[in-house]
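Letter by letter, the chains look like this.
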Amino acid sequence: MGSPSIGRLGAGKGAWHVQGVHDDASDGLLIPWEQLSADALRGVMEEYVSREGTDYGHAEVSFDAKVAAVRRQLERGEVVVLFDPRAGTCNLMPARDVG
């Protein structure tokens, strides 16, 4: 079984959103984002948007704007928090990729 992975943050229809295909979401535990402390949630979102290889297209977008965009996706249920107990890490995943 593959370990949880995450796609990339990209632009689509003028909005910044989490993209990607998860190789095996069955290894992780879904964690309701509302149950994370504000600091923990901010840390997960900041870690995600700061990953190397993240593609934002041609537009300049501030770090805080990227974090805010991810937060809105969590609030809309488009993105979920997945905890990998083997690695002890949290990842953000598009909800559609978690079965």
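Criteria and cut-off values
- Residues numbered from 1 in each chain as written.
- Predicted model: local features only at pLDDT ≥ 70, side-chain atom pairs only at ≥ 80, totals over all residues.
- Heavy atoms only, no water.
- Helix = DSSP H or I, 4+ residues; strand = E, 2+ residues; numbered from the N terminus.
- Expected span 1.5 Å × (residues − 1).
- Buried < 20%, exposed > 50% of the residue type's maximum accessible area, 1.4 Å probe, protein only.
- Arc of directions from axis to C-beta.
- Pairing = 2+ DSSP bridges.
- Axes fitted to C-alpha atoms, helices over the stretch in contact; angles between N-to-C directions.
- Contact = heavy atoms within 4.5 Å.
- Polar contact = N/O pair within 3.5 Å; in protein donor to acceptor, adjacent residues only side chain to side chain.
- pLDDT = per-residue confidence, 0-100.

1. Side note on helix α2 (residues 63-76)
At step 1: Along its 14 residues, α2 runs 20 Å from first to last C-alpha, staying within 8% of the 20 Å computed at 1.5 Å per residue.
At step 2: Buried within α2 are the following residues: Lys 66, Val 67, Ala 69, Val 70, Gln 73 and Leu 74. Take α2 and look down its axis: the buried residues cluster within an arc of 155°, on one side only.
At step 3: Looking one or two places after α2, you find Gly 77, whose phi comes out positive at around 80°.

2. Details of the sheet that holds strand β3 (residues 29-31)
At step 1: The sheet built from 3 strands is open, its strands ordered β3-β4-β5 with antiparallel pairing. A single partner strand is all that each edge strand has here, and the edge strands are β3 and β5 (89-94). In this sheet, neighbouring strand axes are inclined to one another by 40° on average, regardless of whether the strands run parallel or antiparallel.
At step 2: Two strands pair when backbone bridges link them, and β3 and strand β4 (residues 79-84) are joined in this way by 3 bridges, in the antiparallel orientation. Paired with Ile 31 across the two strands is Val 81, which belongs to β4.
At step 3: The strands that α2 touches are β4 and β5; relative to β4, the one it contacts most, it runs at about 95°.

3. Re the environment of Glu 78
At step 1: You can see Glu 78 is positioned in the loop between α2 and β4.
At step 2: Since its relative accessible area comes to 37%, Glu 78 is described here as partly exposed.
At step 3: As for Glu 78 and Arg 96, which are separated by 18 residues in sequence, their C-alpha atoms are 7.5 Å apart.
At step 4: Excluding residues within four positions of it along the chain, Glu 78 makes contact with Gln 73, Met 93, Pro 94 and Ala 95.
At step 5: In terms of polar contacts, Glu 78 uses its side chain to reach the side chain of Arg 76, at 2.8 Å.

4. A look at the confidence of the model for the chain
At step 1: Chain-level statistics for the chain give a pLDDT mean of 75 and a share of 67% at 70 or above.
At step 2: Looking at the elements of the chain, mean pLDDT is at its lowest for strand β1 (residues 8-12), recorded as 38, and at its highest for helix α1 (residues 38-49), recorded as 94.
At step 3: Throughout residues 1-17 the model reports pLDDT below 50, and contacts reaching past four residues in sequence, or to other chains, amount to 60 contacts.
At step 4: Segment residues 19-24: pLDDT under 50, and 24 contacts once partners within four positions in sequence are set aside and those in other chains are kept.

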